[in-house]
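# Tertiary structure, described
Here is how the chains run, residue by residue.
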Amino acid sequence: MVRDGVRIPLRRETRFHRIYSLAGSKTEFIYSRFMDGSSSITLAELEREWPRWREHERRDFCNACSWLYEQSDFPDMLRFIMQHSGSDEWSAIALSVGCRLPQDEAFDILLRAMRTMNIGEAGNIAQAIAKTKHRDAEATLRDYLQSLWARASLWDDDTFSNRMAFNATTCIAHLIELGVSPADFEEQVRQLSRHVCSGNRDSCRFFLAKYYSWLQ
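Summarised in this report is the structure supplied together with it. Values in this document were obtained by computation on a predicted structure and should not be read as measured data.

Calculation criteria
- Residues numbered from 1 in each chain as written.
- Predicted model: local features only at pLDDT ≥ 70, side-chain atom pairs only at ≥ 80, totals over all residues.
- Heavy atoms only, no water.
- Helix = DSSP H or I, 4+ residues; strand = E, 2+ residues; numbered from the N terminus.
- Buried < 20%, exposed > 50% of the residue type's maximum accessible area, 1.4 Å probe, protein only.
- Contact = heavy atoms within 4.5 Å.
- Salt bridge = Lys/Arg side-chain N within 4 Å of Asp/Glu carboxyl O.
- Patch = residues over 30% accessible without salt bridge, like charges linked within 9 Å, V, L, I, M, F, W, Y side chains within 5 Å.
- Areas by Shrake-Rupley, 256 points an atom, 1.4 Å probe, with all protein chains shown as cover.
- Pairing = 2+ DSSP bridges.
- Phe/Tyr/Trp six-rings, centres within 6.5 Å; stacked < 30°, edge-to-face > 60°.
- Lys NZ or Arg CZ within 6 Å of the ring centre and 35° of its normal.

## What to know about the overall build of the protein chain
Scanning the protein chain for helices and strands turns up 10 helices and five strands. Each principal axis of the C-alpha atoms in the protein chain carries an extent, and together these give about 50 × 45 × 25 Å. Across the 216 residues in the protein chain, those meeting the buried criterion constitute 45%. When contacts within the protein chain are restricted to residue pairs at least 6 apart in sequence, long-range pairs at least 24 apart make up 53% of them.

## Focus: the pattern of salt bridges
The tally for this structure, following the rule as stated, stands at 12 salt bridges. Asp184 serves as the salt-bridge partner of Arg142, at 2.9 Å between the closest nitrogen and oxygen. With Arg142 in helix H7 (residues 137-149) and Asp184 in the loop between helix H8 (163-177) and helix H9 (186-193), the pair connects residues that are 42 residues apart, well separated along the chain. For Arg142, a relative accessible area of 31% puts it in the partly exposed group. Residue classification places Asp184 among the partly exposed positions, given a relative accessible area of 44%. Here the salt bridges share partners, and the residues they tie into one network are Glu13, Arg18, Arg33 and Asp36.

## Here we look at the environment of Ala92
Residue position: Ala92 is located in helix H4 (residues 87-100). Here the alpha-carbon distance between Ala92 and Ala64, two residues 28 residues apart in the chain, equals 8.8 Å. What Ala92 contacts, discounting residues up to four positions off in sequence, is Cys62 and Asn63.

## Considering a nonpolar patch on the surface
A surface patch of nonpolar side chains, amounting to about 310 Å² of accessible area, comprises Met35, Trp67 and Tyr69. Mapped onto the secondary structure, Met35 falls in the loop between strand E5 (29-32) and helix H1 (43-49).

## Re the pairing of strand E3 (residues 10-13)
Two elements, E3 and strand E4 (residues 17-20), share three bridges in a ladder whose sense is antiparallel. Within E4, the residue paired with Glu13 across the bridge is Arg18.

## A word on the packing of aromatic side chains
By the definition in use, this model includes 12 aromatic pairs. Judged by centre distance (5.6 Å) and plane angle (55°), the ring pair of Tyr212 and Trp214 falls under tilted. Among the aromatic residues, those joined into a ring-pair cluster are Phe16, Phe34, Trp50, Trp53, Phe61 and Phe80. Seen from the ring of Trp214, Arg190 lies directly overhead, with NZ or CZ sitting 4.0 Å from the centre.

Spelled out as structure tokens, the structure:
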């Protein structure tokens, strides 16, 4: 591949992804093979092969499959995975569920997933619920934010990013995108902007500075 005029070699390939990187660099560029048609799958094949796949193979597919959105059996693939997998796979396909299934069905599936997952793992589910624009999405995300805020671990330091605090930050962004006034969350955002973890302070600015001028 070529990026910014630099040729980046293919380092490895899976059934559903190609991974490119420069020698000596830790940065990788990962592309779904469904983008260019070099890999393909049908619902029938997925149903037949899924029970035999290892966890990494299931995640490999789920992280790549959004590019199947034009395939007529893709919605049924999403339904199948939501019925026959767990939190890692749900998180990977959540946005596709929120965008590609009928609104009420998508919301119900995602809400059931959120209720069974560890609260710190449900950030992608919250984003997908927001994307459904369901009439109950705002109330659901407000409840999720309240649950996060009640956890003392929200304020723990981390070498990279505190997941609870990150999920709280993105949940606020999703609520604002749904039409809630930024003023409703100003005090919470001020607290997040002072988080002990620098990664969380950075993510607070990244996701919320366009709504709060004092963050810029």
